[in-house]
Amino acid sequence: GAGVSQSPRYKVAKRGQDVALRCDPISGHVSLFWYQQALGQGPEFLTYFQNEAQLDKSGLPSDRFFAERPEGSVSTLKIQRTQQEDSAVYLCASSLRGQGAWNTEAFFGQGTRLTVV
Amino acid sequence: GQQVMQIPQYQHVQEGEDFTTYCNSSTTLSNIQWYKQRPGGHPVFLIQLVKSGEVKKQKRLTFQFGEAKKNSSLHITATQTTDVGTYFCAKSSGAGSYQLTFGKGTKLSVIP
């Protein structure tokens, strides 16, 4: 596609509910990132994929958060037993190159705004 | 991880005035990237600076990377209402590093 696509754009979940957020990166992009952005803050790193391999999940806040990219393209971020502090915008980004190359620009999706009530 | 500090947090300017935001790190940076996020939008890449003392221009925007590679700035000349948004700097840990660490951003408001 022309850009990074995320769905849904908005999600309201009841506390305790599981949610799944989808990211379609730019075709051919090796790297895929998930970021969490709280209101008024900069994006905070959650996890990184190089193709299908999850090379870094150090930013995931708890074991309720799980991400996958099984075929090296589409990625899903799953949050189990959502809590109010999970409310944020979840941004997906992709970039052309993988680890080991100079950073190139990251292309961000529009994000999914998650509200846990 | 190591943070990048951005100042100011907010800036209100009259249309036509200049605007500058600063990004500072306590450690030497391998490179610095700048992003712009419009209200309700997503971060959009503006530029990457790599070399010590580098200066790059994009129309009314001027980006600088300090000689010590510990600070950077973005200067907008003669702001327009289309410049409204939050400007973020982001650093990576080093060559080959994939993880970007973002500053908290400077939110720019332009009064017409």
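Residues numbered from 1 in each chain as written. Chains lettered and ligands numbered in written order. Predicted model: local features only at pLDDT ≥ 70, side-chain atom pairs only at ≥ 80, totals over all residues. Heavy atoms only, no water.

1. Some points on the environment of B:Val110
All names here are of chain B. Here Val110 shows up in strand 11 (residues 106-111). Val110 gets classed as buried once you look at its relative accessible area, which sits at 9%. The spatial distance from the C-alpha of Val110 to the C-alpha of Arg60 is 15 Å, given a sequence separation of 50 residues. Excluding its chain neighbours within four sequence positions, the residues that come into contact with Val110 are Val13, Gln14, Glu15, Thr79, Gln80, Thr81 and Val84. (Helix = DSSP H or I, 4+ residues; strand = E, 2+ residues; numbered from the N terminus. Buried < 20%, exposed > 50% of the residue type's maximum accessible area, 1.4 Å probe, protein only. Contact = heavy atoms within 4.5 Å.)

2. Let's talk about the state of the cysteines
Enumeration over the complete set of coordinates arrives at 2 disulfides over all chains. With its sulfur 1.9 Å from that of its partner, A:Cys23 forms a disulfide with A:Cys92. On the S-S bond that ties A:Cys23 to A:Cys92, the torsion sits near -65 degrees, and the link is left-handed. Pair noted here: A:Cys23 is in strand 3 (residues 19-24) and A:Cys92 is in strand 9 (residues 88-95), with a separation of 69 residues, a long-range link. Side by side, A:Cys23 and A:Cys92 carry an identical accessibility label, which is buried. Sulfur-sulfur distance for the disulfide between B:Cys23 and B:Cys89 comes to 2.0 Å. Negative torsions about the S-S bond denote left-handed disulfides, and the value of about 75 degrees found for B:Cys23 with B:Cys89 makes this one right-handed. On the criterion of sequence distance, the pair formed by B:Cys23 in strand 3 (residues 19-24) and B:Cys89 in strand 9 (residues 85-92) is long-range, its members being 66 residues apart. Assessed through its relative accessible area of 1%, B:Cys23 is described here as buried. (Disulfide = S-S within 2.5 Å.)

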